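# Notes for the structure review
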Amino acid sequence: MRSWGDVNRVLNGMVREGRIASFRSNAAEARQTGSLEIAIVPAAGADKETARREALRELARLGVTAQVHAE
């Protein structure tokens, strides 16, 4: 898996591009549990499932497996 910095950079890029409004993760706990969970908030008017799939696709490009859900 890439570093949290790589994941953070990708998700922050999605925020800058207006694809998602924000995100949070369990990155600190994930190091101990091995299970990364990311909650995203879709951009205003965006479809939750589309935003979730886009985040998963971007993370997959990094080789990152995570549970992603949209709020």
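This text follows the structure it describes.
These remarks concern the structure in this document. Predicted, not measured: the structure shown is a model, and the values here were computed from it.

### Remarks on the overall build of the chain
Of the regular secondary structure elements, the chain holds 3 helices and 3 strands. Secondary structure elements of the chain, listed N to C terminal, follow the sequence α-β-α-β-α-β. The C-alpha radius of gyration computed for the chain amounts to 11 Å, which stays within 12% of the reference 11 Å derived for 71 residues, consistent with globular compactness. The principal-axis extent of the C-alpha atoms belonging to the chain is close to 35 × 20 × 15 Å. Residue burial in the chain is summarised as follows: out of 71 residues, 35% are buried. Nonlocal contacts in the chain, meaning residues at least 24 apart in sequence, comprise 46% of its contacts between residues at least 6 apart. Distance from the positive charge centre (11 side chains) to the negative charge centre (9 side chains) of the chain: 4 Å.

What counts, and at which threshold
Position numbers for residues start from 1 in each chain and track the written sequence from start to end. For a predicted model such as this one, the threshold for reporting local features is a pLDDT of at least 70, and the threshold for listing and counting side-chain atom pairs is 80 or more; totals across whole chains, interfaces and linings nevertheless cover every residue. Where side-chain values are given, they derive from all heavy atoms of the structure, hydrogens and water being excluded. Going along the chain from the N terminus, every DSSP run of H or I of four or more residues is numbered as a helix, and every run of E of two or more is numbered as a strand. The atom set for the radius of gyration is the C-alpha atoms, and the globule formula is 2.2 Å times the number of residues raised to the power 0.38. A 1.4 Å probe rolled over the protein chains alone gives each residue an accessible area, and that area as a share of the maximum for its type sets the label: buried under 20%, exposed over 50%, partly exposed in between. The contact definition used throughout considers only heavy atoms, calling two residues in contact when any of these lie within 4.5 Å. We treat Lys and Arg as the positive residues and Asp and Glu as the negative residues; His and chain ends play no part in the count. Charge placement uses NZ in Lys and CZ in Arg. For Asp and Glu, CG and CD serve respectively.

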